[in-house]
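# A closer look at the structure
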Amino acid sequence: MISSTDGAVTAAPLRTGFRWFQLAMGIVCMAMIANLQYGWTLFVDPIDAAHHWGRAAIQLAFTIFVVTETWLVPIEAWFVDKYGPRIVIMFGGVMIALSWVLNSYADSLALLYAAAVVGGMGAGAVYGTCVGNALKWFPDRRGLAAGATAAGFGAGAALTIVPIATMIASSGYQHAFLTFGIGQGLIVFVLAFFIQPPRISIPPKKKQLNLPQTKIDFTPPQVLRSPIFWVMYLVFVMVASGGLMTAAQIGPIAHDFKIADTPVTLAGFQMAALTFAISLDRIFDGFGRPFFGWVSDTIGREHTMFIAFGTAAVMLLTLSAYGHIPIVFVLATAIYFGVFGEIYSLFPATCGDTFGSKYATTNNGMLYTAKGTASLLVPLASVISATYGWKAVFVVAVALNATAALTALFVIKPLRRSFILGKEAESANAATGTAKTGSAKTGSAKTGSAKTETA
């Protein structure tokens with residue numbers, strides 16, 4: 001393989017089928033780290049029952065995990081762009097295994113928090129690398145590729161929720177941590193050997209007016225100086241905060257609503273409301289990410305954001321009013337996660353469209369830190385719920401999602417289009433100016449030569 005410092009490789013032919021193989025490997029790796037976030041809610045109450053540390057203290061570990069996972073991604077992404085994805089994913093596999101092994105032995109909050117840091121480092125290395133690699137392989141289908149990759153993270157826990165819950169009930173949460181931690185880490189480590197960046201630079205296809213894509217590759221410092229990046233960052237935080245709160249607190253919410261163990265029958269299946277909700281949430285989340293990515297490739301990123309964020313606000317409002325009804329709890333959370341997860345496909349795709357492919361891993365990693373910022377609100381949700389109840393938490397989340405929907409359509413859309421067209425115009429003018437200067441210098445040289453000959 002012919003490598004380069006920016007993660008893109010030259011002088012080798014592109015095998016179209018091979019990029020789908022790369023996408024598949026990334027999806028499986030993402031599925032293996034999904035439980036670190038989406039399976040966490042199953043462990044909260046068992047840990048509290050064993051050590052009596054309190055939900056808020058235990059949920060701080062979740063916040064530490066998410067902050068570490070997201071805020072270190074730009075650094076890990078820099079290693080990917082410079083050295084390639086393989087070594088970074090191998091590192092991630094080792095760290096996620098070590099994290100859950102430490103959780104299985106944690107007899108103090110300090111050790112639980114240390115395990116969260118280790119797990120965050122590992123999950124961030126895998127997540128940032130796989131999404132960034134997908135953006136490089138699929139500049140022509142960024143929404144679909146980022147969505148499919150993120151779907152592994154969103155739906156990856158769906159198949160293991162029931163086995164983990166069963167193992168916790170039968171053997172204890174420590175045994176579940178140990179068994180699944182080692183298994184997940186080993187699979188990621190092995191798959192890392194098959195993952196590589198594209199061997200040629202694949203140009204994006206500018207097919208539609210409602211899907212503007214830049215022709216310029218912006219460096220990370222240039223991205224950080226652009227206002228559109230920070231507007232996107234703010235919207236990401238507003239939407240992610242509600243989703244992270246719901247993912248982390250769905251277990252405690254169900255228990256406080258006194259429906260966690262209530263049987264729910266749907267489509268011929270019957271499970272306890274909490275287990276049914278978490279399983280269905282992962283499935284809807286997983287399918288929602290590539291679906292909305294595909295939709296955004298068709299109708300535009302901002303229009304898709306408006307639809308998804310608006311629907312999320314309606315579902316959160318429904319949970320606030322009728323969440324104590326088991327069937328409503330199951331269905332409303334499923335639909336909510338179906339539209340929430342699309343932020344992990346739309347924002348990477350929008351970032352790639354706006355700032356180019358060459359530094360896509362690092363640029364998207366910087367935007368992804370918004371998830372870490374949003375996670376800081378998760379413990380606050382426990383405090384608010386203890387004082388004012390879960391309805392107050394839901395109302396705040398509804399307001400944030402509704403504001404994000406309007407901002408996407410009426411602020412991000414015109415600002416992003418103006419940024420892309422403006423920068424391309426500046427680049428064209430600069431190129432024209434350089435050409436004219438060069439032409440003028442050539443003309444002056446010829447004139448001087450003519451004068452010399454005349455003399």
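Residues numbered from 1 in each chain as written. Predicted model: local features only at pLDDT ≥ 70, side-chain atom pairs only at ≥ 80, totals over all residues. Heavy atoms only, no water.

## Comments concerning helix H10 (residues 173-191)
Residues lying three or four places apart along an α-helix face the same way, a consequence of the helix completing one turn every 3.6 residues. Our working rule: Strands here are runs of E lasting at least two residues and helices are runs of H or I lasting at least four, both read from the DSSP assignment and numbered beginning at the N terminus. A helix is expected to reach a length of 1.5 Å times the quantity of its residues less one. Burial classes follow relative accessibility: with a 1.4 Å probe on protein chains only, a residue under 20% of its type's maximum area counts as buried, one over 50% as exposed, and anything between as partly exposed. The arc in question is the one spanned by the directions pointing from the helix axis to the C-beta atoms.
An ideal rise of 1.5 Å per residue puts 27 Å on 19 residues; H10 measures up with 27 Å between its terminal C-alpha atoms. For H10, the set of buried residues is Tyr173, Ala176, Phe177, Phe180, Gly181, Gln184, Gly185, Val188 and Leu191. End-on view of H10: buried residues confined to an arc of 130 degrees, all on one side of the axis.

## Considering helix H12 (residues 227-256)
Rules: A residue's bend is given by the angle between axes fitted to the 7 residues ending at it and the 7 residues starting at it.
For H12, with 30 residues, the first-to-last C-alpha span of 42 Å sits near the 44 Å given by 1.5 Å per residue. The sharpest bend along H12 comes to roughly 65 degrees, located at Gln249, with the proline Pro252 sitting one to four residues further on. Burial analysis of H12 places 25 of its 30 residues in the buried class, which makes it a mostly covered element. One or two residues past the end of H12 sits Lys258, with phi positive at roughly 60 degrees.

## Quick word on the packing of aromatic side chains
Our working definition: Centres within 6.5 Å make a pair out of two Phe, Tyr or Trp rings, where for Trp the six-membered ring is used; the pair is then stacked when the planes are under 30 degrees apart, edge-to-face when over 60, and tilted otherwise. Counted as over-ring charges are cases with an Arg CZ or a Lys NZ within 6 Å of the ring centre that also lie within 35 degrees of the ring normal.
All chains considered together, the criterion is met by 29 aromatic pairs. Here the aromatic rings of Phe218 and Phe355 are separated by 6.1 Å at their centres, their planes lie at 90 degrees, and the arrangement is edge-to-face. Taken together, the residues span a long stretch of sequence, with Phe218 in the loop between H10 and helix H11 (220-224) and Phe355 in helix H16 (residues 343-355) at a distance of 137 residues. The two residues Phe218 and Phe355 agree in class, both being buried. Using a relative accessible area of 6% as the deciding quantity, one classes Phe218 as buried. An aromatic cluster of three or more residues is present, and its members are Tyr127, Phe236, Tyr336, Phe337, Phe340, Tyr344, Phe347 and Tyr368. Directly above the aromatic system of Tyr127 lies the positively charged group of Lys371, at a separation of 5.6 Å from the ring centroid.

## Comments concerning the pairing of strand E2 (residues 269-272)
The line we're drawing: At least two DSSP bridges between two strands are needed for those strands to be called paired.
Bridge count between strand E1 (residues 263-266) and E2: four bridges; the pairing is antiparallel. Its bridge partner lying in E2, Pro263 is registered against Ala272. Taking the residues between adjacent antiparallel strands as the criterion, E1 and E2 are bridged by two residues, where Ala267 takes a positive phi near 55 degrees.

## A look at unusual backbone geometry
In this structure, His52 takes a positive phi of about 55 degrees despite not being glycine. Along the chain, His52 turns up in the loop between helix H3 (41-51) and helix H4 (55-71). Of the residues examined, His52 reaches a relative accessible area of 64% and is grouped as exposed. Phi angles above zero are rare outside glycine, and Lys258 is one such case at about 60 degrees. Relative to the assigned elements, Lys258 resides in the loop between H12 and E1.

## A closer look at the confidence of the model for the protein
Selection rule: The pLDDT value expresses, per residue, how confident the predictor is, ranging between 0 and 100. Contacts are assigned to residue pairs that have any heavy atoms within 4.5 Å of one another.
In this model, the protein carries an average pLDDT of 83, and 89% of its residues clear a pLDDT of 70 or more. The model gives residues 1-14 a pLDDT under 50, and that stretch makes 33 contacts with residues more than four places away or in other chains.

## Observations regarding the environment of Leu346
With respect to the helices and strands, Leu346 occurs in helix H16. Sequence separation between Leu346 and Trp294 is 52 residues; the distance between their C-alpha atoms is 9.5 Å. Apart from the residues lying within four places of it in its own chain, the contact partners of Leu346 are Phe292, Gly293, Ser296, Arg301, Thr304 and Met305.

## Thoughts on the pattern of salt bridges
Applied cut-off: By definition here, a salt bridge exists when the distance from a side-chain nitrogen of Lys or Arg to a carboxyl oxygen of Asp or Glu is within 4 Å.
Within the structure shown, the criterion is met by eight salt bridges. Residues Lys371 and Glu69 are paired through a salt bridge, measuring 3.2 Å at the closest nitrogen-oxygen approach. Within this pair, whereas Lys371 is found in helix H17 (residues 360-375), its partner Glu69 is found in helix H4, the two being separated by 302 residues in sequence. Under the relative-accessibility criterion, Glu69 is labelled buried at 0%.

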